[in-house]
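Here is what each chain is made of, one letter per residue.
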Amino acid sequence: MEYDIFFSYAFADRDAALPVIQALRARKLRVFSFETEIQEGESIQRRIVEDLGRARMMVAWYSATYPTSRACQWELTSALIAARHESPDGQMVERRILALNPEEDVGHLQPADILVKRFVNARGVRADELAGRVADRLAGLTGNFGRIKAFSGTHWHGGNPRAGSNRFVGRFPDMWRIDSHLSKNRIALIAGASPSLIQVQGMGGIGKTLLAEEYARRFGAAYPGGIFWLNAVKGQDLGAQRQGIAGNLGIAVAGLGPHEVEGALKIKLADLDSYLWIVDDLPPDAGMADLNAWRAPTDNGATLVTTRGTGLDGAGFVHRLGLLSGTEAHELLTSRRSARSDDERAAAREILALLGNHALAVDVAGAAVAMLGYAAFRDRLRDPAKDATELAAELAGDLPTGHARQIAATLLDSIDRLDAAGLRFLHLAALLAPAPIPLSLAADVFARQPGGDDGLAEAARAVKAAAREALAEHIPGGEEDAGDAVSVHVLVSRTLRFHRGDPPPAMRDAAVAALNESMEEAGDIRNHAALLPLVPHARALTGDLPDVPTATLLSWLGRLNNERGAYADAEADYRRTVEARKRLLGAEHPDTLTSMNNLAETLRAQGDHGGARTFQEQVLALRRRVQGDEHPHTLTSMNNLAVTLDAQGDHGGARALHEQELAICRRVQGDEHPDTLASMNNLALTLQAQGDHGGARALHEQELALSRRVLGEEHPDTLASMNNLATTLRVQGDHGGARALQEQVLALCRRVLGDEHPNTLTSMNNLAHTLWAQGDHGGARALEEQVLALRRRVLGDEHPDTLLSMNNLAETLRTQGEADRAMALVAEALPIALRKYGPEPEVSQCLIARAKHLGLPIPPLP
């Protein structure tokens with residue numbers, strides 16, 4: 001039977017595709033569709049040969065699921081190859097193949113160079129309308145796909161005929177990209193251009209061989225001359241493989257020497273139609289002469305090389321094979337035993353993270369999971385004493401490629417070829433996190449090693465050696481990046497640790513020292529963009545805290561988190577630092593006291609004023625006794641305790657401490673020292689809280705002028721000073737002056753600190769107050785709603801700033817006639833404030849007053 005349309009769709013999309021098929025049939029079009037799920041190869045082959053070949057057009061319901069269906073991909077590939085045979089210039093491909101895309105984007109459409117230009121947007125479009133568009137494309141199209149060559153009929157020569165793997169997953173973009181380049185070269189050959197060559201490069205076990213096999217099987221019909229497979233791994237004889245192929249082609253090779261066999265083979269190959277010449281596992285140290293010896297002997301042969309090496313990047317088209325996607329890796333891991341419960345699915349995700357979505361590792365892990373279960377194998381992977389992947393390899397059985405199952409053996413083959421510098425770099429990577437390593441960090445660590453005169457040059461040489469073996473990948477830095485980086489797969493680091501021992505202790509010491517030096521810039525948020533790439537590596541090194549430098553590094557992580565407003569993370573870092581420094585240095589050591597002070601500041605930032613005060617009073621008493629009343633650290637403790645007293649409503653106690661501390665700061669550190677400026681600012685805030693607005697304004701103006709000159713216009717402390725002065729101006733009735741200053745501060749905060757930093761949110765909140773005071777209630781409300789949403793997400797529902805935002809928005813809503821919503825906000829916030837902070841702090845007092853104003857009952861006081 002002849003068909004107008006062969007309709008291809010994944011079985012999971014059946015309900016979406018069938019209405020379109022029915023609408024096409026309603027137009028009297030002959031439509032073939034297979035409405036049951038098939039996966040077995042022979043059935044797919046029969047469906048393609050018997051039905052696709054008799055159709056004028058192929059229509060694919062190309063959802064995100066479509067490329068995951070093996071049958072659909074076979075159908076699309078066969079249609080593409082047949083259309084190319086009909087018209088090598090690609091015109092018939094565009095006419096005979098049509099994709100209906102029901103998704104929002106086009107990233108899943110492969111081959112992208114064809115489908116992205118020709119697809120029909122099917123998202124939200126009625127079935128009858130889609131049928132009309134398909135019918136329009138079909139008009140005037142004559143003939144059909146013609147004879148479809150069965151993919152199982154491809155002639156294989158050399159090695160073993162490949163049966164393929166039922167565990168092959170994904171890689172569709174890779175195959176289409178490879179074929180796109182090879183097909184362009186096939187067309188170019190007609191015009192006498194040079195023969196095609198593609199290198200598939202990647203680390204050991206990543207799936208290069210299986211990709212080459214699957215490509216050959218799927219696109220074999222494009223190579224009527226056959227598939228020729230050669231194994232180029234060291235120890236394999238090219239001459240013997242040529243002789244075997246020659247004999248397979250019917251050439252009488254008895255009595256012929258190697259050169260005669262080569263000549264006879266060239267003559268025979270030149271008479272064939274186009275063919276695919278696959279060279280598997282070309283050694284990483286192969287040169288151009290080696291590549292030329294192994295590649296296809298004649299111009300009508302396309303050469304596909306798999307190799308771990310990157311030293312021949314200038315030859316042909318290079319396709320670097322990456323890791324499996326998360327979806328692909330999960331499919332492969334669960335192919336033998338599905339993950340049925342939430343616990344099993346969580347364990348599966350952790351297994352994939354520990355294996356880094358590496359194809360071979362995930363494949364053998366699937367065998368281990370089938371035998372041991374997800375949790376048991378995950379726990380083995382966590383074990384630092386044994387390499388669980390070795391057990392997985394034992395349970396896996398033979399692999400489809402016939403290659404080694406042992407991941408360690410696969411990777412050690414490359415690792416053992418490295419020079420001393422390359423090995424040193426991998427040891428560094430094993431110490432650090434499985435995240436890109438800034439080249440500057442590697443250079444700094446190398447420079448701290450004995451004889452490390454030029455750390456950058458040595459690091460560059462080491463990275464080049466590791467990259468040549470596909471054990472590392474150089475990532476060039478962009479204009480906005482901190483610089484070049486290097487990626488090393490987690491399995492490389494695991495293999496090195498388990499099979500080549502731990503890195504030398506001196507390297508760990510050098511890495512901690514290098515990171516400590518860099519992280520000293522964490523106090524200024526403007527440096528954070530450059531520091532963030534270092535954070536994963538600092539985290540990896542501070543998993544345990546065996547010495548003082550490592551504890552110092554953790555303290556810097558806490559400082560970075562505190563400055564960017566991640567207070568919960570900062571608290572966790574500082575608590576661990578306090579315990580480590582007590583253990584390593586003693587409870588009264590100045591560094592231990594600094595850690596306690598930092599922890600208290602973070603607690604106060606989170607609204608835990610009682611917890612902050614307890615630590616601050618302890619620290620102040622110890623510093624007075626150990627370091628003296630005039631030591632800068634003692635003054636810092638006085639200032640911090642005073643701020644906490646202010647937050648608790650004890651303005652008199654806060655003022656007394658601030659005045660005492662400011663007098664000492666001016667005498668000991670000078671009027672322009674940053675600590676003196678901070679004291680002036682904090683005293684001004686206390687004066688304002690006591691109602692002395694004139695005194696507060698004079699002090700704020702004096703301090704802001706000094707901050708601008710000493711720290712600069714964009715320093716976070718200067719921004720805080722501007723904010724505080726603006727608040728004082730508003731309280732004094734100078735709304736225009738306050739608004740101008742607040743708008744300037746908000747713009748600077750957004751650029752310097754980011755849109756979600758707590759200080760930025762405070763600036764937005766303050767500007768909303770001023771807008772309200774000016775009568776711009778709509779502008780105030782818009783800002784208040786935005787601030788509340790951000791504070792809920794960034795600070796949490798129980799933070800005092802979040803509760804104050806709820807209070808402020810409630811008042812705005814009340815005045816705009818939305819009393820019900822205002823009451824709901826206050827009813828939510830007031831019990832939290834009373835339970836967590838008691839009735840005295842400002843946030844509780846504001847909410848109590850708002851509840852009374854709205855006629856809400858006041859909850860019992862705790």
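As a reminder, the structure under discussion sits directly above these lines.
Predicted, not measured: the structure shown is a model, and the values here were computed from it.

Calculation criteria
- Residues numbered from 1 in each chain as written.
- Predicted model: local features only at pLDDT ≥ 70, side-chain atom pairs only at ≥ 80, totals over all residues.
- Heavy atoms only, no water.
- Helix = DSSP H or I, 4+ residues; strand = E, 2+ residues; numbered from the N terminus.
- Expected span 1.5 Å × (residues − 1).
- Buried < 20%, exposed > 50% of the residue type's maximum accessible area, 1.4 Å probe, protein only.
- Contact = heavy atoms within 4.5 Å.
- Salt bridge = Lys/Arg side-chain N within 4 Å of Asp/Glu carboxyl O.
- Pairing = 2+ DSSP bridges.
- Core = buried A, V, L, I, M, F, W, Y, C linked by side-chain atoms within 4.5 Å.
- Phe/Tyr/Trp six-rings, centres within 6.5 Å; stacked < 30°, edge-to-face > 60°.
- Axes fitted to C-alpha atoms, helices over the stretch in contact; angles between N-to-C directions.
- Parallel < 35°, antiparallel > 145°, perpendicular 65-115°, else oblique.
- Arc of directions from axis to C-beta.
- Polar contact = N/O pair within 3.5 Å; in protein donor to acceptor, adjacent residues only side chain to side chain.

### Brief notes about helix H6 (residues 127-138)
Each α-helix winds once per 3.6 residues, and so residues spaced three or four apart point in a common direction. With 12 residues, H6 ought to run about 16 Å at 1.5 Å a step, and its terminal C-alpha atoms sit 16 Å apart, in line with that. For H6, the set of buried residues is Leu130, Ala131, Gly132, Val134 and Leu138. At its buried positions, H6 is contacted by strand S1 (3-8), helix H1 (14-26), strand S3 (55-61), strand S4 (97-101) and strand S5 (120-121). Downstream of H6 by a residue or two, glycine 140 has a phi angle that is positive, lying close to 80°.

### Some points on the pattern of salt bridges
Under the defined criterion, the tally for this structure stands at 48 salt bridges. When the shortest N-O distance is used, the salt bridge between aspartate 413 and arginine 308 registers 3.7 Å. A residue pair is termed long-range when its members are at least 10 positions apart, and aspartate 413 in helix H17 (residues 407-415) and arginine 308 in the loop between strand S10 (301-307) and strand S11 (317-320) qualify at 105 residues. Classification of arginine 308 by relative accessible area gives buried; the value is 10%. Taking the shortest distance from any N to any O, the salt bridge between glutamate 756 and arginine 793 comes out at 2.0 Å. Here glutamate 756, found in the loop between helix H34 (735-752) and helix H35 (758-773), pairs with arginine 793, found in helix H36 (residues 777-794); they are 37 residues apart in sequence, far enough to count as distant. Given a relative accessible area of 36%, glutamate 756 falls into the partly exposed group. The class of arginine 793 is exposed, set by a relative accessible area of 54%. Here the residues in one salt-bridge network are Arg308, Asp413, Arg417 and Glu469, joined through shared partners.

### Regarding the sheet that holds strand S7 (residues 197-201)
One open sheet holds the 6 strands; their spatial order is S6-S8-S9-S10-S7-S11, and the pairing between them is parallel. Among the strands making up the open sheet, the edge pair consists of strand S6 (156-157) and S11.

### Some words on the nonpolar core
In terms of nonpolar packing, the biggest core is built from 134 residues, with Leu276, Phe425 and Leu426 touching the most fellow members. Not counting residues within four places of it along the chain, the set of residues in contact with phenylalanine 425 comprises Ile437, Ala442, Phe446, Ala462, Val463, Ala472, Val486 and Val488.

### A look at the packing of aromatic side chains
Between two aromatic rings, the relevant description is the distance of the centres plus the angle of the planes. Here the structure, examined in full by the defined rule, presents 11 aromatic pairs. Where tryptophan 156 meets tryptophan 229, the ring centres are 6.1 Å apart and the plane angle is 40°; that geometry is what we call tilted. Separated by 73 residues along the polypeptide, tryptophan 156 in strand S6 and tryptophan 229 in strand S8 (residues 227-231) bring together distant segments of the chain. Judged by its relative accessible area of 15%, tryptophan 156 is buried. Geometrically, the ring pair formed by phenylalanine 228 and tyrosine 275 is edge-to-face, given 5.3 Å between the ring centres and 75° between the ring planes. Remark: tyrosine 275 occurs in strand S9 (residues 275-282) and phenylalanine 228 occurs in strand S8; sequence separation between them is 47 residues. The residues phenylalanine 228 and tyrosine 275 share a single accessibility class, namely buried.

### As for the pairing of S7
When you tally the buried positions in S7, you get 5 out of 5 residues, the bulk of the element. Burial along S7 is two-sided: Leu197, Gln199 and Gln201 and Ile198 and Val200, pointing in opposite directions, are all buried. In the sheet, S7 pairs with S11 via 4 bridges, with the strands oriented parallel. Bridging from a neighbouring strand, glutamine 199 pairs with valine 318 of S11.

### Describing the sheet that holds S3
Pairing in this open sheet of 5 strands is parallel, and the strands run S2-S1-S3-S4-S5 from one edge to the other. Each having just a single partner strand, strand S2 (31-32) and S5 make up the two edges of the open sheet. By the bridge criterion, 2 bridges tie S1 to S2 in an arrangement that is parallel. The partner of isoleucine 5 across the bridge, within S2, is valine 31.

### Section: the side chain of asparagine 640
Here asparagine 640 shows up in helix H29 (residues 632-647). Those residues in contact with asparagine 640 that lie beyond four places of it in its chain are Asn597, Glu601, Arg604 and Gln616.

### So, the packing of helix H13 (residues 342-355) against helix H21 (residues 490-500)
Between H13 and H21, the shortest axis-to-axis distance is 7 Å and the interhelical angle comes to 75°. One way to sum up the angle between H13 and H21 is to call them roughly perpendicular. In this structure, H13 uses Ala353, Leu354 and Leu355 to contact H21, whose residues at the interface are Val490, Leu491 and Arg494.

### Re helix H9 (residues 238-248)
Here H9 has its buried residues at Leu238, Gln241, Arg242, Ile245 and Ala246. In an axial view of H9, the angular spread of the buried residues amounts to 140°, which keeps them on one side of the axis. In this fold, the buried residues of H9 make contact with S6, S8, helix H10 (258-270), S9 and helix H11 (288-294). Backbone nitrogen of glycine 239 and a side-chain oxygen of the N-cap are separated by 2.9 Å at the start of H9; the cap is aspartate 237. Directly beyond the C-terminal end of H9, a positive phi value near 90° is found at glycine 250.

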